[in-house]
Amino acid sequence: MNETFQFKLLATDGKARCGEISTPRGMIRTPAFMPVGTVGTVKAMYLDQVRELGADIILGNTYHLMLRPGAERVARLGGLHNLIRWQGPILTDSGGFQVMSLSALRKLDERGVTFKSHVDGAIHHMSPERSIEIQGLLDSDIQMQLDECIALPAEPNEIERAMEMSLRWAERCKLAFGDQPGKAMFGIVQGGDIPKLRERSALVLKELDLKGYAIGGLAVGEPQEVMLDMLDVTCPALPAEKPRYLMGVGTPDDILKSVAHGVDMFDCVMPTRSGRHGLAFTRYGRINLRNARHAEDLRPLDEQSSCPATRDYSRAYLHHLIRSNESLGGMLLSWSNLAYYQELMADIRKAIEEGRFADFMAETIEGWQRGDL
Ligand SMILES: Nc1cc(CSc2ncc[nH]2)c2nc(N)[nH]c(=O)c2c1
């Protein structure tokens, strides 16, 4: 079993890149979509199914897991991989983003974040060092620095303050992480929608010579064109030989266009969360199965799909299950959406390798717009 964490670029087509990250727990093919397993489960899915769909890596979450079952308990139980029975790589977010979006009472200052648990109301303090310690206890393969993500639109001096503090936290996290062969700690580029702050953040993080770089502070309410403009500024400022992970993104359209801007890794709750609410992502675009027009439509979502949930179940039945709020509805649509996302990633990787990514992107977007009546 190899002991290193190594990113290899296999092909480029314009700014789009195709590569692979080798880790002691297995290979990650990029561009990669990472299903979100926030509290140790990809909701409504068996992890064997998630693996069979082509996912090489899933996400865990420091904030949720430190509150329940607790980081030290997960370590006593043999680490996250053994607990949830996923032996591939796991990436964990550092928790700051979730504190700011989920916990009732919270305070953020130079020392870190202080918050009240949404589980039992207990008060927690998480410093950059503690976040890395927790991710270590979870035996995470790719760990995120603690950072402060500002929702957009925001005041420039607020964006600058948060970006500068995130840079100081990056250094503290690098120190706390130390040297763990086979594992990686990623810095997170901040800077909101301000190009010169994005450039500074990327350049200072590049000096830290980390094994990979996340692009944070996006997919927080800004229009897609602002997100893509920030990628135009950020990606060239990052080292070409390191992986780039765009956090919290996104729809199939966001992913396709972000790959075209040089992004290698993605994560989003979209395929599972919207699946539970009846929204299907297909090569024809979105289909909302709650809509009455599906009530007697015996067609499957896509008869050409290799996924049984997409190929074998009628829209009428999916409509019935979602309207009846039956668990099977969310299970089948989560399965179908994750299958579609992984199929899209596989098609993207192939198109880049074959030097036809621009045509593939145009054809794919046209298929979504054409829809299927
Ligand atoms: N949009 C967005 C999403 C996430 C969550 S990514 C995630 N964690 C668990 C699941 N998915 C972010 N996380 C951090 N640490 N920083 C960010 O700027 C940021 C931005």
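Up top is the structure these notes are about.
Residues numbered from 1 in each chain as written. Predicted model: local features only at pLDDT ≥ 70, side-chain atom pairs only at ≥ 80, totals over all residues. Heavy atoms only, no water.

Peer 1: Help me understand the packing of aromatic side chains, please; the structure alone is not making it clear to me.
Peer 2: Aromatic rings considered in pairs are described by the distance between their centres and by the relative angle of their planes. For the coordinates displayed, the defined rule picks out five aromatic pairs. Aromatic side chains phenylalanine 33 and tyrosine 341 sit 4.7 Å apart centroid to centroid with 55° between the ring planes, which places their arrangement in the tilted category. With phenylalanine 33 in strand β4 (residues 32-34) and tyrosine 341 in helix α14 (residues 327-353), this residue pair connects regions lying 308 residues apart in the sequence. The pair formed by phenylalanine 33 and tyrosine 341 is uniform in burial state, with each residue classed as buried. Joined through ring pairs, the aromatic side chains of Phe33, Phe281 and Tyr341 make up one cluster. Over the ring of tryptophan 86 we find arginine 51; its NZ or CZ atom is 4.6 Å from the centre of that ring. (Phe/Tyr/Trp six-rings, centres within 6.5 Å; stacked < 30°, edge-to-face > 60°. Helix = DSSP H or I, 4+ residues; strand = E, 2+ residues; numbered from the N terminus. Buried < 20%, exposed > 50% of the residue type's maximum accessible area, 1.4 Å probe, protein only. Lys NZ or Arg CZ within 6 Å of the ring centre and 35° of its normal.)

Peer 1: Just to check I follow, could you spell out the packing of helix α6 (residues 128-137) against helix α7 (residues 156-177) for this structure?
Peer 2: Between two packed helices, the angle of one axis relative to the other and the distance separating the axes together describe the packing. Closest axis-to-axis distance for the α6/α7 pair is 8 Å, and the angle between their directions is 40°. Considering their axes alone, α6 and α7 lie oblique with respect to each other. You can see that α6 and α7 cross each other, and the crossing is right-handed. Contact residues: Pro128, Glu129 and Ile132 in α6; Trp169, Arg172, Cys173, Ala176 and Phe177 in α7. (Axes fitted to C-alpha atoms, helices over the stretch in contact; angles between N-to-C directions. Parallel < 35°, antiparallel > 145°, perpendicular 65-115°, else oblique. Left-handed = near helix turned anticlockwise from the far one by under 90°. Contact = heavy atoms within 4.5 Å.)

Peer 1: How should helix α13 (residues 315-323) be read in this particular structure?
Peer 2: Helical periodicity: at 3.6 residues per turn, an α-helix aligns residues three or four positions apart in one direction. Within α13, burial applies to Arg315, Ala316, Leu318, His319, Leu321 and Ile322. Looking one or two residues past α13, asparagine 325 carries a phi angle of roughly 55°, positive in sign.

Peer 1: Would you take a moment to explain the site of the ligand for this structure?
Peer 2: The environment of the ligand is made up of 19 residues, and the closest members are Asp93, Asp147, Gly217, Leu218 and Asp267. Residue glutamine 190 places a side-chain N or O atom 3.0 Å away from an oxygen atom belonging to the ligand. Look at the ligand: alone it shows 470 Å² of surface, and the protein chains cover 95% of it. Elements supplying a minimum of two residues to the shell around the ligand: β5 (58-61) and α5 (96-102). The residue inventory of the shell around the ligand, partitioned by class, reads nine nonpolar, seven polar and three charged. (Near = heavy atom within 4 Å. Polar contact = N/O pair within 3.5 Å; in protein donor to acceptor, adjacent residues only side chain to side chain. Areas by Shrake-Rupley, 256 points an atom, 1.4 Å probe, with all protein chains shown as cover. Nonpolar A, V, L, I, M, F, W, Y, C, P; charged D, E, K, R; others polar.)

Peer 1: Looking at this structure, I do not really get the packing of helix α10 (residues 252-260) against α14. What am I missing?
Peer 2: Following both chains from N to C, one finds α10 and α14 inclined at 20°, their axes separated by 11 Å at the closest point. Taken together, the axis directions place α10 and α14 in an arrangement best described as roughly parallel. Of the two elements, α10 crosses α14, and the hand of that crossing is right-handed. On the side of α10, the interface is formed by Pro252, Ile255, Leu256 and Val259, while α14 contributes Tyr340, Tyr341, Leu344, Met345, Ile348 and Ile352.

Peer 1: What's the story with a nonpolar patch on the surface in this structure? I'm lost.
Peer 2: A cluster of nonpolar residues, Tyr317, Leu328 and Met331, forms a patch on the protein surface that exposes about 230 Å² of accessible area. The partly exposed category is assigned to tyrosine 317, whose relative accessible area is 34%. (Patch = residues over 30% accessible without salt bridge, like charges linked within 9 Å, V, L, I, M, F, W, Y side chains within 5 Å. Salt bridge = Lys/Arg side-chain N within 4 Å of Asp/Glu carboxyl O.)

Peer 1: Would you take a moment to explain the sheet that holds strand β3 (residues 26-30) for this structure?
Peer 2: As a general point, the strands of a sheet are linked pairwise by backbone hydrogen bonds and lie either parallel or antiparallel. Within the open sheet, the three strands sit side by side as β1-β2-β3. Their pairing is antiparallel. Each end of this open sheet is capped by a strand with a single partner; those strands are β1 (6-13) and β3. Adjacent strand axes in the sheet meet at a mean angle of 15°, parallel and antiparallel pairs treated alike. Relative to strand β2 (residues 16-23), β1 runs antiparallel, the two sharing seven bridges. In the sheet register, alanine 11 faces β2, and the bridge partner there is cysteine 18. (Pairing = 2+ DSSP bridges.)

Peer 1: Where do I start with the sheet that holds strand β7 (residues 106-109) in this structure?
Peer 2: Here we have three strands laid out as an open sheet, ordered β7-β8-β9, and antiparallel in their pairing. Only two strands of the sheet have a single neighbouring strand rather than two, namely β7 and β9 (123-126). Recorded for the sheet is a direction-independent mean angle of 10° between the axes of neighbouring strands. Sheet analysis places β7 next to strand β8 (residues 112-116), joined by four bridges and oriented antiparallel. Residue pairing in the sheet places leucine 108 in a bridge with valine 113 of β8.

Peer 1: Explain unusual backbone geometry to me, please; I cannot follow it from the model alone.
Peer 2: Glycine aside, residues mostly have negative phi, and peptide bonds are mostly found in the trans state. Note the cis peptide between threonine 30 and proline 31, where omega equals 0°. With respect to the helices and strands, proline 31 occurs in the loop between β3 and β4. With omega at 10°, the peptide bond leading from arginine 68 into proline 69 counts as cis. By secondary structure assignment, the location of proline 69 is in the loop between α2 (62-67) and α3 (71-76). You will see that asparagine 325, though not glycine, has its phi angle at about 55°, which is positive. You can see asparagine 325 is positioned in the loop between α13 and α14.

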